[in-house]
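Overview (structure and organization)
Given next are the chains, with one letter for each unit.
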Amino acid sequence: MQPLKGITVLDLSRVLAGPYCTAMLADLGAEVVKVESGQGDDSRHIAPYVEGESLYFSMLNRGKKSLCLNLKDPQDPQDLERFHRLCERADVVVENFRPGVTERLGIDEATLRARYPRLIYCSISGFGQSGAMRAKPAYDIIAQALSGMMAATGPDGGMPTRIGESLGDVCAGMFASWSIAAALFARERDPERQGCHLDVSMLDCLFSMQVTNLAQFVASGQAPSPIGNRHPLSAPFDSFEANDGQVIIAVINNTLFSRLVECMQAPELAEDARFVDDEQRCLHQAELKSLIEDWTGQFTVEEVCARLDQAGVPASPIWNIAQLAESRHAEDRQLLLDMGHWRSPAQPVFFNGRRVVCDRPAPTLGQHNACLESQHLDKEIDA
């Protein structure tokens, strides 16, 4: 299934947020034309490398086509003219320049949509196209630091900690791809409808994702602080010491708590006034954690999980990414695609029980320039 087959996307973005967005569109069948400068996307030069190609770049640009165009030289307008010819048949433009750059290049939303009114133009930036911080430079760690998410992450009572992935970039890319799909649907449903401008901010995306943190702030006026693996609103919902490592146990209601204490052979705890509901368990979470670890400490992580799985209580070991990537689950769910000399993460949604698979590798720099004059970008050329 290729739900976006026939859609053409011009990708002016680089590094992570924009390329992540357009990779998902390519996975769904869109023709994504990556427009790069002569130096190429910065991520082409990020290690590690396999057979001379950046794995980081390859994972983010699978299934795309590459054109080298110089859009910055006003003395040589030919490439800008070529870009406009591409816009004539494009459905979507994605860019993640700092606000103001596209205006200087003459490829901003207002200019392009005046000429191509059905164009959907998506701008991804650190802080949006408007507002007090619009011109501020941003990387993921800056967005995380300002979002409140970093301030709520880290060991209990410890210093704020960056989440172990570039979540600001990735979630902005996800919101961008979702909004593009919605805009395409709206345009398809109403043939008279024009395109639109989508303004996606990394900071706004991170802020909007924090349902738990925002619930605490709105209710109390107090900002959450780091509490380790513990959930701020439910207990027991934390990591616990087994005799060979840590195990995660997640209980959010009385039914699950009754199952847990049955496994612990301490059913009386379900009637203990300290633990009769989630609110009381949160208030007495330190005492409860000690009681649970008296039990988990007798077993290995695997043994604890086996007992709790049998009882229907959510529990797990703490895996690193290699353990998941090499697990039976990853094999069954096809989490990694074989791209020949490397593996790539798959688009994670099943359509009618099947993966949407894009098995075309990332393009070499300028690989499709030879097709530009003939406008046969829909036909692959030999590398």
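Up top you'll find the structure we're talking about.
Let us look at the structure shown here.

1. Structural notes on the pattern of salt bridges
Scanning all chains against the criterion turns up 15 salt bridges. With a shortest N-O distance of 2.7 Å, Asp27 and Arg62 are connected by a salt bridge. Here Asp27, found in helix H1 (residues 17-27), pairs with Arg62, found in the loop between helix H2 (55-60) and strand S5 (65-68); they are 35 residues apart in sequence, far enough to count as distant. Here Asp79 and Arg82 are joined by a salt bridge, their closest N and O atoms 2.4 Å apart. Of this pair, Asp79 and Arg82 both sit in helix H3 (residues 78-89), separated by three residues, roughly a single helical turn. For the pair Asp79 and Arg82, one class covers both residues: buried. What emerges from the salt-bridge pattern is a single network uniting Glu31, Lys65 and Arg89.

2. Considerations on empty space enclosed by the protein
Within the structure shown, the criterion is met by one cavity of 30 Å³ or more. Size it by volume and the largest cavity reaches roughly 60 Å³. In this structure, the largest cavity is lined by Arg230, Ser234, Ala235, Pro236, Phe237, Asp238, Phe240, Gln285, Leu288 and Lys289. Sorting the residues of the lining of the largest cavity by element identifies strand S9 (237-242) and helix H12 (285-296) as the ones contributing at least two each. Here the residues of the lining of the largest cavity are counted per class, giving five nonpolar, two polar and three charged.

3. Brief notes about helix H10 (residues 254-263)
Of the positions making up H10, those classed as buried are Leu256, Phe257, Leu260 and Val261. All buried residues of H10 fall inside an arc of 130° around its axis, so they share one side. The inward-facing, buried residues of H10 abut strand S10 (245-250), helix H11 (278-283), H12 and helix H13 (301-311). Where H10 begins, the side chain of Asn253 points an oxygen toward the backbone nitrogen of Thr255, at a separation of 3.2 Å. Positive backbone phi, at 55°, marks Gln265, one or two positions downstream of H10.

4. Remarks on the sheet that holds S10
In space, the three strands of this open sheet follow the order S9-S10-S11, with antiparallel pairing throughout. At either margin of the open sheet sits one strand with a lone partner, and together these are S9 and strand S11 (315-317). On average, each strand axis in the sheet is inclined to that of its neighbour by 30°, with strand direction left out of account. Strand direction decides the pairing type here: S9 and S10, joined by six bridges, are antiparallel. Note that in S10 the partner of Phe237 across the bridge is Ala250.

Conventions used here
- Residues numbered from 1 in each chain as written.
- Predicted model: local features only at pLDDT ≥ 70, side-chain atom pairs only at ≥ 80, totals over all residues.
- Heavy atoms only, no water.
- Salt bridge = Lys/Arg side-chain N within 4 Å of Asp/Glu carboxyl O.
- Helix = DSSP H or I, 4+ residues; strand = E, 2+ residues; numbered from the N terminus.
- Buried < 20%, exposed > 50% of the residue type's maximum accessible area, 1.4 Å probe, protein only.
- 1 Å grid on protein atoms, 1.4 Å probe; cavity = no way out; pocket = protein on both sides within 12 Å on 5 of 7 lines; lining within 4 Å.
- Points joined across faces, edges and corners; volume = space filled by probe spheres on them.
- Nonpolar A, V, L, I, M, F, W, Y, C, P; charged D, E, K, R; others polar.
- Arc of directions from axis to C-beta.
- Contact = heavy atoms within 4.5 Å.
- Polar contact = N/O pair within 3.5 Å; in protein donor to acceptor, adjacent residues only side chain to side chain.
- Pairing = 2+ DSSP bridges.
- Axes fitted to C-alpha atoms, helices over the stretch in contact; angles between N-to-C directions.

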